[in-house]
Amino acid sequence: MYVPDMLDFIAELYENGEIGKIRNVMEIGAQEVFATNMEQCVERFIKAFHPNARITKDCLTALSFGTARELYRFVGCNYCCTDVIKDPDNRFNRLLFDINLDQVASIYQNKFDLVTNLGVSQHVLNQLNAFKAVHEFTTPGGYMLHYLPFTGRYDDLYFYYQPVYFEHLAKSNKYDHIGTWLYLTGDHLSSRSRVRWDVRLWEFIKFPLHLTNKYHVLAVLFRKTEDSSFRQPSPQGFPEENPGLTLSPAFFRLIDRTISSNIPERPIRVLTLGRAATSIGEDWADVAAITKEFLTPESISLPDGEHSAYLGSTIKLDEDGNFLFKHPGKRFHVICNFGASQRFIDQLGFYRFIHQIVEPEGFMVHVVPFLGYSGRGYFNYELSFFGELAYVNDYVAVWTGLLLPEGLITLHDEIFNHLRISPARHWEPLWVCVLLRKRFDREFLTPFQGFYKSIRDEAIGRHYQILRNNVFLPDDPEPWVRLSERMRAVSEKYQKVVSPPAVFSNEDFNRLAVIRKQSWEIKRKTR
């Protein structure tokens, strides 16, 4: 959205010559202007493009709460935006396009002088496709402006972006990295809080006072220098270790207790991705016996007897960016993601890969950065990401907690009203553990950010259906609604299609029988 600060920021970039001539604008997500009673910001934006422009007060008032398309057209730019809902009145000039799944058509490639991603890509799992789309929309010599969350706590997103991600993105694609800016206030609405990013600042920056609905923002400006295919940053530039990630005896006891009650088979097949330190030391007496065959600080056991199968030696990317597994056909009882996922731009590919190689009734242990600055990973994760991932794929969310060197804290929303982050922790991100159990052997389904489910177009919604007992259900109920209420809502949808048509075929009867059976099962579960 174009709040007063964003208007000032773009105007400043234009005035300083950091953005050149712009004629065609593409925005990821339809944007509106919210600058009521701040018309001077709108006026500055207009005069940055046309210094001698004369604007009436009524015109400024209208533009201050209109659409971004109206504002850009006023300064002489052609405007288009991608969105997941149609635009019957053509207020935004929307292109129906899902950055999670769709590919940029050739007629739109290399056409736009400015492409913006103003707080949109953090809502989708497929980060690779989102940034590839931005790249392909931009003409050589054009500009890409990203305005994305950095660290904090906000339920309405999946990812927080780290500065190193943009550094690697620019290097891989030979972008001219014009600048990275950090907003310090936590509400990202004040231009007075904007400073050029410098890693040395991190020693002095405070986290938002309350870790709920507050976050810092990174603004990043690139210039595309050549007409070339998008190249994703290679994760192999990172060391395998994760500084700051220490696994305590409490962590091992939790995993042991959970797995022992669900996987009686011994030895169990385990795969770890990424490495972590441990506070257990050499004395394993206080850790259950399973750790000797399940997980040790130094190595793990694979089905064929190999050891030390960490990120670098176990999986890699082929020329097309697909995940290749060193042990094709192998499946595991437990997959441990020790910070490995944060190093890949292809988040969809990574989590689909894990889903495919874990056994039904097996476990996925995700230990990932949650809050703070990380110089070794691309992303931090919001907890709602794992909630929606579990919901659409029928995982059981066994446990979610905050990892501390000497113990664990079970996380829930009330906790965040009391947590404070010590400045001494600034160089080591806080880590969370999310323990999921895979229930069924079925295809991996992509989540869609819950907040936007109710507004997306029906054509887009068909890509996101949940498989329940081999029947696809529309993924409409919000993930934060209680399961019984979600099931009841889906049951009501089925009731609407039970009324028979005038003429029935055998195929119609068979389909109706399946629907009635499914509806009865849903009702039984919600009683």
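This one's a predicted model, so the numbers in the text were calculated from it and none came from an experiment.

A. Inspection of the overall build of the chain at higher detail. Tallying secondary structure elements over the chain gives 14 helices and 22 strands in all. Taking all 527 residues of the chain together, the buried fraction comes to 56%. Across the chain, every contact between residues at least 6 apart in sequence was considered, and the portion connecting residues at least 24 apart equals 77%. In the structure as shown, the chain presents an accessible area of about 23400 Å², 50% of it carried by carbon and sulfur atoms.

B. How the structure looks around the packing of helix α1 (residues 4-15) against helix α2 (residues 39-49). Where α1 meets α2, the axes come as close as 8 Å, and the angle between the chain directions of the two elements is 25 degrees. By the angle between their directions, the pair α1 and α2 is classed as roughly parallel. Classified by chirality, the crossing of α2 by α1 is left-handed. Residues P4, L7, D8, I10, A11, E12, Y14 and E15 of α1 pack against C41, V42, R44, F45, A48 and F49 of α2. For the contact of α1 with α2, the per-class residue count stands at 10 nonpolar, no polar and 4 charged.

C. Representation of the packing of aromatic side chains within the structure. Evaluation of the coordinates by the stated rule reveals 38 aromatic pairs. With 5.5 Å between their ring centres and 40 degrees between their planes, F344 and F350 make a pair best called tilted. The exposure classification of F344 matches that of F350, with both residues buried. Aromatic pair Y378 and F379: ring centres 6.3 Å apart, planes at 85 degrees, arrangement edge-to-face. As far as burial versus exposure is concerned, Y378 and F379 are alike and both buried.

D. Structural view of unusual backbone geometry. In this structure, N93 is a non-glycine residue whose phi angle is positive, near 55 degrees. Located in the positive-phi region is N110, a residue other than glycine, with phi close to 55 degrees. Position of N110 among the secondary structure elements: in the loop between β3 (94-96) and β4 (112-118).

E. Examining the confidence of the model for the chain more closely. Averaged over every residue, the pLDDT of the chain is 78; residues scoring 70 or more account for 71%. For the chain, helix α8 (residues 290-294) is the element with the lowest average pLDDT, namely 37, and helix α5 (residues 127-137) is the one with the highest, namely 96. pLDDT under 50 marks residues 282-313. Its contacts with residues more than four places away, or in other chains, come to 77 contacts. Segment residues 496-504: pLDDT under 50, and 8 contacts once partners within four positions in sequence are set aside and those in other chains are kept.

F. Highlighting the environment of I255. Assignment of secondary structure puts I255 in helix α7 (residues 249-260). Sequence-wise, I255 and V365 are 110 residues apart; in three dimensions their C-alpha atoms are separated by 8.6 Å.

G. Representation of the side chain of Q347. The residue Q347 is located in helix α10 (residues 347-357) in this model. Using a relative accessible area of 0% as the deciding quantity, one classes Q347 as buried. Filtering out sequence-adjacent residues up to four positions away, Q347 remains in contact with L125, Q127, F159, S341, F379 and Y381.

H. A look at the pattern of salt bridges. In total, this model carries 17 salt bridges according to the counting rule given. With a shortest N-O distance of 2.8 Å, E12 and R194 are connected by a salt bridge. Of the two residues, E12 sits in helix α1 while R194 sits in strand β8 (residues 194-196), which places them 182 residues apart along the sequence. By relative accessible area, which is 27% here, E12 ends up partly exposed. Classification of R194 by relative accessible area gives buried; the value is 13%. Salt-bridge contacts for R439 lead to D394; the nearest nitrogen and oxygen are separated by 3.4 Å. Residue R439 is located in the loop between β20 (430-437) and α12 (458-461), and its partner D394 is located in the loop between α11 (383-393) and β18 (396-404); the two are separated by 45 residues in the primary sequence. According to the relative accessible area criterion, R439 is partly exposed, its value standing at 33%. Connected via shared salt-bridge partners are D5, E12 and R194.

I. Quick look at the nonpolar core. The biggest cluster of nonpolar side chains holds 76 residues, and the ones touching the most others in it are F131, F137, Y165, F166, Y351 and F385. Contact partners of Y351, with chain neighbours within four places excluded, come to L125, N337, S341, H366, V368, Y381, F385, F386, L389 and F444. One finds A35, F45, I178 and L221 within the second-largest nonpolar core, a separate group that totals 46 residues.

J. A look at the pairing of strand β15 (residues 332-338). Taken across its 7 residues, β15 has 7 buried, putting it largely inside the fold. Judged from the 4 bridges that link them, strand β11 (residues 270-273) and β15 form a sheet pairing that is parallel. For L273, the partnering residue across the bridge sits in β15 and is N337. What joins β15 to strand β16 (residues 358-371) is α10, and the crossover it makes is right-handed.

K. Spatial organisation of the sheet that holds strand β7 (residues 176-183). On the basis of which strands lie adjacent, the open sheet formed by 8 strands has the order β3-β2-β1-β4-β5-β9-β7-β8 and mixed pairing. The sheet is open, and its two borders are formed by β3 and β8, each paired with just one other strand. When the angles between neighbouring strand axes are averaged without regard to direction, this sheet yields 20 degrees. One ladder, built from 3 bridges, connects strand β2 (residues 78-83) with β3; its direction is parallel. Paired with C81 across the strands is R94, a residue of β3. Strands in contact with α5 are β1 (24-28), β2, β3, β4 and β5 (138-153); relative to β5, the strand with the most contacts, it is inclined by about 150 degrees. Where helix α6 (residues 163-173) meets the sheet, its contacts fall on β5, β7 and β9 (214-223), and the angle it forms with β9 comes to roughly 15 degrees.

Each value, and the rule that gives it
- Residues numbered from 1 in each chain as written.
- Predicted model: local features only at pLDDT ≥ 70, side-chain atom pairs only at ≥ 80, totals over all residues.
- Heavy atoms only, no water.
- Helix = DSSP H or I, 4+ residues; strand = E, 2+ residues; numbered from the N terminus.
- Buried < 20%, exposed > 50% of the residue type's maximum accessible area, 1.4 Å probe, protein only.
- Contact = heavy atoms within 4.5 Å.
- Areas by Shrake-Rupley, 256 points an atom, 1.4 Å probe, with all protein chains shown as cover.
- Axes fitted to C-alpha atoms, helices over the stretch in contact; angles between N-to-C directions.
- Parallel < 35°, antiparallel > 145°, perpendicular 65-115°, else oblique.
- Left-handed = near helix turned anticlockwise from the far one by under 90°.
- Nonpolar A, V, L, I, M, F, W, Y, C, P; charged D, E, K, R; others polar.
- Phe/Tyr/Trp six-rings, centres within 6.5 Å; stacked < 30°, edge-to-face > 60°.
- pLDDT = per-residue confidence, 0-100.
- Salt bridge = Lys/Arg side-chain N within 4 Å of Asp/Glu carboxyl O.
- Core = buried A, V, L, I, M, F, W, Y, C linked by side-chain atoms within 4.5 Å.
- Pairing = 2+ DSSP bridges.
- Right-handed = clockwise from strand over helix to strand, strands pointing away.

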